[in-house]
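Here is what each chain is made of, one letter per residue.
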Amino acid sequence: MTGRWIVAAAAALLVCGCSTVQPWQKGNLAKPEMAFDPDVLEARFADHTYFSKEAASGGAGVGGGGCGCN
Amino acid sequence: MRGKIQSAALAAIMVCAGAANAQDIGKAAPMFDLPSSGAKNVRLADLKGRVVYVDFWASWCAPCKQSFPWMNEMQAKYGPKGLTIIGVNLDKKREDADKFLAGTPANFTVAYDATGKVAEVYQPKGMPTSFLIGADGKVRAMHVGFRDGDREKLESELAAAVTAAARK
């Protein structure tokens, strides 16, 4: 019987672990330091250089003709 | 014994799930009482007979910033016809809201819900989310987000609510 109680309590605890961040609680997530790329322009620039050097374009949201001139 | 365990587990699940009070269109809008930018609290009960547009916003929400000039315009246009706009701020720190309002003035009532107790009840699905409450106290419409293309639809809903209120 005690075993069952432990299982039930553990299950209840596990369920409580599934908490969700509500839309109005995302203030901290919206901070600039939480972004993958703090500077959008710089990130674009780095991406552009990267795919030029790798001789493959696309995949980073910037179009290229494959002429090697981008 | 088994029943007890099952009901305890069920109760735990219900408590933890907790998202069962999302707003339904046509139902009576839950009452709230919040501190405002003025001296008096904002109470939904005091606004019976008026069309109320409740907008949940926060300083960190970019589309909220775009919605403010529009809400100012709507308050000026439909305010005399019976519309009250309430911007419910959900910032944890009041100074964040004050900073936002210094750059983006609000010519409508701002209420402060730092603990999110009213948000818990209204369950806004994104930021911003607005609820249009008719003069009869029932939720007429809900809208998530604010895009340029939304203005016309939102305004037509406001106008319809104000017209419906005037007919009574």
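Rules of the game
- Residues numbered from 1 in each chain as written.
- Chains lettered and ligands numbered in written order.
- Predicted model: local features only at pLDDT ≥ 70, side-chain atom pairs only at ≥ 80, totals over all residues.
- Helix = DSSP H or I, 4+ residues; strand = E, 2+ residues; numbered from the N terminus.
- Contact = placed C-beta atoms within 7 Å.
- Buried ≥ 20, exposed ≤ 12 C-beta atoms within 10 Å, placed from the backbone.
- Expected span 1.5 Å × (residues − 1).
- pLDDT = per-residue confidence, 0-100.
- Pairing = 2+ DSSP bridges.
- Axes fitted to C-alpha atoms, helices over the stretch in contact; angles between N-to-C directions.
- Core = buried A, V, L, I, M, F, W, Y, C linked by C-beta atoms within 7 Å.
- Parallel < 35°, antiparallel > 145°, perpendicular 65-115°, else oblique.
- Left-handed = near helix turned anticlockwise from the far one by under 90°.
- Nonpolar A, V, L, I, M, F, W, Y, C, P; charged D, E, K, R; others polar.

Focus on the overall build of chain B
- Scanning chain B for helices and strands turns up 5 helices and 7 strands.
- Order of helices (α) and strands (β) in chain B, N terminus to C terminus: α-β-β-β-α-β-α-β-α-β-β-α.
- Counting contacts in chain B only where the partners sit at least 6 residues apart, residues at least 24 apart contribute 70% of the total.

Quick notes on the overall build of chain A
- Check the secondary structure of chain A and you find 2 helices and 0 strands.
- Burial status across chain A gives 1% buried among its 70 residues.

Considering helix H2 (residues 62–78) of chain B
Residues and elements named next belong to chain B.
- Look at H2: 25 Å from first C-alpha to last across 17 residues, which is about the 24 Å you get at 1.5 Å a residue.
- The complete set of buried residues in H2 reads Cys-64, Ser-67, Phe-68, Met-71 and Met-74.
- Turning to H2, the residues buried within the fold contact strand S3 (51–57), strand S4 (83–89) and helix H5 (150–167).

Thoughts on the confidence of the model for chain B
Residues and elements named next belong to chain B.
- Chain-level statistics for chain B give a pLDDT mean of 88 and a share of 86% at 70 or above.
- Counting interchain partners and residues more than four positions distant, the pLDDT-below-50 stretch residues 15–22 has 7 contacts.
- Listed scores for the predicted complex are pTM 0.74 and ipTM 0.70.

As for the sheet that holds S4 of chain B
All names here are of chain B.
- Read across the sheet, 5 strands follow the order S5-S4-S3-S6-S7 without closing on themselves; strand pairing throughout is mixed. With partners counted over all chains shown, the strands left at the sheet margins are strand S5 (109–112) and strand S7 (139–144), one partner each. Within this sheet the neighbouring strands show an average axis-to-axis angle of 20°, counted without direction.
- With 4 bridges joining them, S4 and S5 adopt parallel strand pairing. Residue pairing for S5: Asn-89 is matched across the bridge by Tyr-112.
- Sheet strands in contact with H2 are S3 and S4, and its direction is about 155° off that of S4.
- Running over the sheet, H5 touches S3, S4, strand S6 (129–133) and S7 and is turned about 165° from S7.

Concerning the nonpolar core
Residue and element names in this part refer to chain B.
- Phe-56 and Ile-133 are the most contacted members of the largest nonpolar core, which has 37 residues in total.
- Those elements that place two or more of their residues in this core are S3, H2, S4, S5, helix H4 (117–122), S6 and H5.
- Looking at which element gives the most residues to this core, the answer is S3, with 6 residues.
- For Ile-133, the residues in contact, after removing those within four places along its chain, are Ala-29, Val-51, Val-52, Val-54, Lys-138, Val-139 and Arg-140.

Quick notes on the packing of H2 of chain B against H5 of chain B
Residues and elements named next belong to chain B.
- With their axes 12 Å apart at the nearest point, H2 and H5 run at an angle of 25° to one another. Taken together, H2 and H5 sit at an angle that is classed as roughly parallel. Helix-helix and strand crossings are classified by hand; for H2 and H5 the assignment is right-handed. Contacts between H2 and H5 involve Trp-70, Met-74 and Tyr-78 on the former and, on the latter, Arg-151, Glu-155, Leu-158 and Val-162.
- Residue composition of the contact of H2 with H5, by class: 5 nonpolar, no polar and 2 charged.

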